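Structure assessment
Read off the chains here:
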Amino acid sequence: MKAVLYTPSPETLDRWVDRMRGLLPDWQFDAWDDADLEAVEYAIVWKPRTGDLAKLPRLKAIVSLGAGIDHVLADSELPTHIPIIRTVGQDLTQIMREYVLLHVLRHHRNRPAQVANEHVKGWDAVLAPPAYRRKVGVMGLGNLGAAAAETLASIGFQTSGWARSQKQIEGVTCYAGPDQFDTFLEGTEILVNLLPLTPETTGILNEDHFAKLPKGACLINCARGGHMDEDHLLAALDSGQIAQATLDVFQVEPLPQDHPFWTHPDVTVTTHIASRIDADTGSRIIAANLQEFEETGTVDDIADGARGY
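The structure reproduced in this document is the subject of the present report. Because the structure is predicted, anything quoted here is derived from the model rather than measured.

1. With respect to the overall build of the protein chain
The helix and strand tally for the protein chain stands at 9 helices and 12 strands. Scaling as 2.2 N^0.38, a compact globule of 309 residues should have a C-alpha radius of gyration of about 19 Å, and the protein chain matches this with 21 Å. For the C-alpha atoms alone, the extent of the protein chain along its principal axes is close to 65 × 40 × 30 Å. Looking at the protein chain as a whole, 51% of its 309 residues qualify as buried. Long-range contacts, defined here as pairs at least 24 residues apart, represent 60% of the contacts in the protein chain between residues at least 6 apart. Carbon and sulfur atoms form 48% of the exposed surface of the protein chain, whose accessible area is close to 15,000 Å². Counting 26 positive and 43 negative side-chain charges, the protein chain places the centres of these two groups 5 Å from one another.

2. Concerning the environment of Leu78
Secondary-structure assignment places Leu78 in the loop between α2 (70-73) and β5 (84-85). The buried category is assigned to Leu78, whose relative accessible area is 12%. As for Leu78 and Gly51, which are separated by 27 residues in sequence, their C-alpha atoms are 6.7 Å apart. When sequence neighbours within four positions are dropped, the list of residues in contact with Leu78 reads Leu53, Ile62, Val72, Leu73 and Ile84.

3. Overview of the pairing of strand β11 (residues 242-247)
Judged by how many residues are buried, β11 sits mostly within the fold: 5 of 6 residues are covered. One ladder, built from 5 bridges, connects strand β10 (residues 217-221) with β11; its direction is parallel. Bridge pairing in β11 links Ala217 to Ile242. Remark: the β10/helix α8 (residues 230-239)/β11 crossover connection has right-handed handedness. The sheet contact formed by β11 and strand β12 (residues 267-269) spans 3 bridges and is parallel. Bridge assignment links Ala245 to a residue of β12, and that residue is Val267.

4. A word on empty space enclosed by the protein
In this structure the tally under the stated criterion is 1 cavity of 30 Å³ or more. Within this model, the largest cavity holds a volume of roughly 50 Å³. Every residue lining the largest cavity is listed: Lys2, Ala3, Gln28, Asp30, Ala35, Asp36, Ala39 and Val40. Looking at side-chain class alone, the lining of the largest cavity contains 4 nonpolar, 1 polar and 3 charged residues.

5. Let's talk about the sheet that holds strand β8 (residues 172-176)
If you walk across this open sheet you meet the 7 strands as β8-β7-β6-β9-β10-β11-β12, and the pairing is parallel. At either end of the open sheet lies a strand with only one pairing partner, and these are β8 and β12. For this sheet, the mean angle separating the axes of adjacent strands, direction not counted, is 15°. Across the sheet, helix α5 (residues 143-154) is in contact with β6 (135-139), β7 (158-163) and β8; its angle to β6 comes to roughly 170°. The strands touched by α8 are β10, β11 and β12; relative to β11, the strand with the most contacts, the crossing angle is about 140°.

6. Some remarks on the packing of aromatic side chains
Applying the stated criterion to the full structure yields 8 aromatic pairs. Consider the rings of Trp27 and Tyr42, whose centres lie 5.3 Å apart with planes at 40°: the pair is tilted. Note that Trp27 is positioned in the loop between α1 (13-23) and β2 (28-31) and Tyr42 in strand β3 (residues 42-45), a separation of 15 residues in sequence. Classification of Tyr42 as buried rests on a relative accessible area of 0%. On the numbers, 4.5 Å between centres and 50° between planes, the contact of Trp162 with Phe181 is tilted. Placement of the pair is Trp162 in strand β7 and Phe181 in helix α6 (residues 181-185), with a sequence separation of 19 residues. The exposure class assigned to Trp162 is buried, which follows from its relative accessible area of 9%. Using a relative accessible area of 6% as the deciding quantity, one classes Phe181 as buried.

What counts and how
- Counting starts from 1 at the beginning of each chain's written sequence and moves along it residue by residue.
- Local features in this predicted model are restricted to residues whose pLDDT is 70 or higher, and side-chain atom pairs enter the listing and the counts only when it is 80 or higher, whereas totals over whole chains, interfaces and linings include all residues.
- Side-chain calculation: all heavy atoms of the structure are included, whereas hydrogens and water are not.
- Where helices and strands are cited, they refer to DSSP runs of H or I of at least four residues and of E of at least two residues respectively, numbered from the N terminus.
- The globule rule used here is 2.2 Å times the number of residues to the 0.38 power, and the radius of gyration it is set against is calculated over C-alpha atoms.
- Relative accessibility thresholds used throughout: buried, under 20% of the residue-type maximum; exposed, over 50%; partly exposed, between the two (1.4 Å probe, protein chains only).
- Every residue pair with non-hydrogen atoms within 4.5 Å of one another is taken to be in contact.
- The Shrake-Rupley method, run with a 1.4 Å probe, gives the accessible areas here. Residue values count only the displayed protein chains as cover.
- His is not counted here, nor are the chain ends, while Lys and Arg score as positive and Asp and Glu score as negative.
- By convention, charge coordinates are those of NZ in Lys, CZ in Arg, CG in Asp, or CD in Glu.
- Here a strand pair is declared whenever DSSP counts at least two bridges between the two strands.
- Orient the strands so they point away from the viewer; a crossover is then right-handed if the path from the first strand over the helix to the second runs clockwise.
- Using only the protein atoms, space was sampled on a 1 Å grid; points where a 1.4 Å probe fits but cannot get out form cavities, open sets with protein on both sides within 12 Å along at least five of seven lines form pockets, and lining residues are those with an atom within 4 Å of a point.
- Grid points are joined across faces, edges and corners, and a volume is the space filled by probe spheres set on the points.
- Note on residue categories: nonpolar means Ala, Val, Leu, Ile, Met, Phe, Trp, Tyr, Cys or Pro, charged means Asp, Glu, Lys or Arg, and polar means any other residue, Gly included.
- Fitted lines through C-alpha atoms serve as axes, helices being fitted only where they are in contact, and the angles separating the N-to-C directions of these axes extend from 0 to 180 degrees.
- Between 30 and 60 degrees the pair is tilted, below 30 it is stacked and above 60 it is edge-to-face, where a pair is any two Phe, Tyr or Trp rings, Trp via its six-membered ring, whose centres lie within 6.5 Å.

Put into structure tokens, the structure is as follows:
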């Protein structure tokens, strides 16, 4: 079998190729620029250039280097009959659990205020209620969102979740569909976004929805930059409607050096690393999926292109 790799950063490309060759020695793996495109059967990609996937006449499946497929669907010349395989797995789910728990706890215990105290050698007590008195809401209850919500509930947070369709998660109050969205937002003190990016969810983090949260709520966006109106968030921060925000994803990445998020006192910036896939972890997941797809013609993690995830 012949596969081509198209990775997030050129400096990691050789590592990805080496790992895939080691795991599936009977397959041929090449970087895009080195591949015989006429012979490629599988494309492992992140943010492929428009039209590139249409150049592969023998293509059997596209593998997204991540759980999301919006970067693949952005290709206006995408061959839509080709299955798209999402890259998810226990390791990536665990990494996202850790990220969400870390930053929910930071906001819950008001760690930014503690750091500000340290900078001025202050001794003001920064107090927080126990977790069972804090309402946390998770938008998006797919693999990553459900795991994050379950983790938050397990340590005592009043946890709710919202998704397109009804879910059942132990310890989590679940809401579904547009009619229940406002009810979900009401009372949510820390809002975590893990939605897939679709036409329906683009721009969902906006001034109208910020206004439905309690004044002084906190926001964590670790899904996609396209979910958020950045100007609306800045205005909400400046008004105090949103007290603090942790942002892992942005409209433009890398985040421009002159962007106000970098210097805003109530914003924590992380560099799209909430559940970023590395070559060692990702190659094992992808190798197993490629073998299964080649043998059976399907895998559990095939995305629904029409739904966008």
